[in-house]
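Here are the chains, one letter per residue:
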Amino acid sequence: KSLDGKAFSNGGPLALAGEIERYSGKMNSTVLVMMIDTLAEGGLADRTSLELLVSKSRSTDCLPSVRASAVLLENGDLDGAEKVLEMSAGAQEMVERSIAAANIALKRGDREAAMSFAYTAYGYDPRCRDAYRILADVDPEGGWPQRENIQDILEGNKPTNPMGEGRVQDLSLIHISEPTRL
């Protein structure tokens, strides 16, 4: 049986969630994330329903798990957020999972774990803006806003944060200044 828009007209998001529950195979992550968002918008996203939706994702796909984790975190269910995030432990994508784990650690007050997870995300993708945000919060002496500025410049953009002091910042100012006409 295929899933289509009829489920929404015949009972709304809960009816569609019931159809997904009865579906025997794995589902496209986009459909699952849309369903997670729909349940969240309607105030119907609890741990049980989100675990069910995440269980329908492929083992290598972390998007539904990360999104469901964020919804549960927003609702204050830290244990649930951690549990659904663990459901995608086999996923190869590490940046989004690491940021989600860092956010859970922050909510738990575990700044050391948050820093470790955020640093993992940064290591996999130095363009990850959430990593800079978290690292600036948990490691204020680490110069993370200035590092983000350097990444901005490497990407050809103007710095996001106020410029700091030091040689690297002086060099970045030279790099971003308007070219001189000869």
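Everything numeric here is computed off the predicted structure, so don't read it as measured data.

**Q** When you look at the side chain of Ser 88 in this model, what are you seeing that I'm missing?
**A** Residue position: Ser 88 is located in the loop between α6 (78-86) and α7 (95-108). Every residue in contact with Ser 88, bar those within four places of it in the chain, is listed here: Asp 61, Cys 62, Ser 65 and Arg 97.

**Q** Please clarify how the nonpolar core should be interpreted in this entry.
**A** Counting residues in each nonpolar core, the largest one holds 25 residues, and the members touching the most others are Ile 20, Met 35, Ile 36, Leu 50, Leu 53, Ala 68 and Leu 85. Every element with two or more residues in this core is listed here: α2 (12-22), α3 (29-41), α4 (47-55), α5 (63-74), α6 and α7. No other element matches the 5 residues that α5 contributes to this core. If near-sequence neighbours (up to four positions away) are discounted, Leu 50 is found in contact with Ile 36, Ala 45, Ala 68, Val 71 and Leu 72. If you look at the next biggest cluster of nonpolar residues, it comprises 15 residues, including Val 95, Ile 99, Ala 121 and Ala 131.

**Q** What am I meant to see in α6 here?
**A** Side chains that are three or four residues apart share a direction in an α-helix, a result of its 3.6 residues per turn. Looking only at α6, the buried set comprises Gly 80, Ala 81, Val 84 and Leu 85. Here the buried residues of α6 occupy an arc of 130° about the axis, which is enough to place them on one side. Packed against the buried residues of α6 are α4, α5 and α7.

**Q** Is there a simple way to explain the packing of aromatic side chains in this structure?
**A** For any two aromatic rings, the description comes down to two numbers: the centre-to-centre distance and the angle of the planes. On inspection of all chains with the given rule, the structure shows 5 aromatic pairs. Ring geometry for Tyr 119 versus Tyr 122: centroids 5.7 Å apart, planes at 40°, classification tilted. Residue Tyr 119 and its partner Tyr 122 are located together in helix α8 (residues 111-124), separated by 3 residues, close to a single helical turn. Aromatic side chains Tyr 122 and Tyr 132 sit 5.5 Å apart centroid to centroid with 80° between the ring planes, which places their arrangement in the edge-to-face category. Here Tyr 122, found in helix α8, pairs with Tyr 132, found in helix α9 (residues 129-138); they are 10 residues apart in sequence, far enough to count as distant. What makes Tyr 132 buried here is its relative accessible area of 2%. The structure contains a cluster of three or more aromatic residues connected by ring pairs, namely Tyr 119, Tyr 122, Tyr 132 and Trp 144. Arg 147 extends its terminal NZ or CZ atom over the ring of Trp 144, reaching a point 4.0 Å from the ring centre.

Conventions and cut-offs
Residues numbered from 1 in each chain as written. Predicted model: local features only at pLDDT ≥ 70, side-chain atom pairs only at ≥ 80, totals over all residues. Heavy atoms only, no water. Helix = DSSP H or I, 4+ residues; strand = E, 2+ residues; numbered from the N terminus. Contact = heavy atoms within 4.5 Å. Core = buried A, V, L, I, M, F, W, Y, C linked by side-chain atoms within 4.5 Å. Buried < 20%, exposed > 50% of the residue type's maximum accessible area, 1.4 Å probe, protein only. Arc of directions from axis to C-beta. Phe/Tyr/Trp six-rings, centres within 6.5 Å; stacked < 30°, edge-to-face > 60°. Lys NZ or Arg CZ within 6 Å of the ring centre and 35° of its normal.

Everything listed here is a matter of geometry and, on its own, says nothing about what the molecule does.
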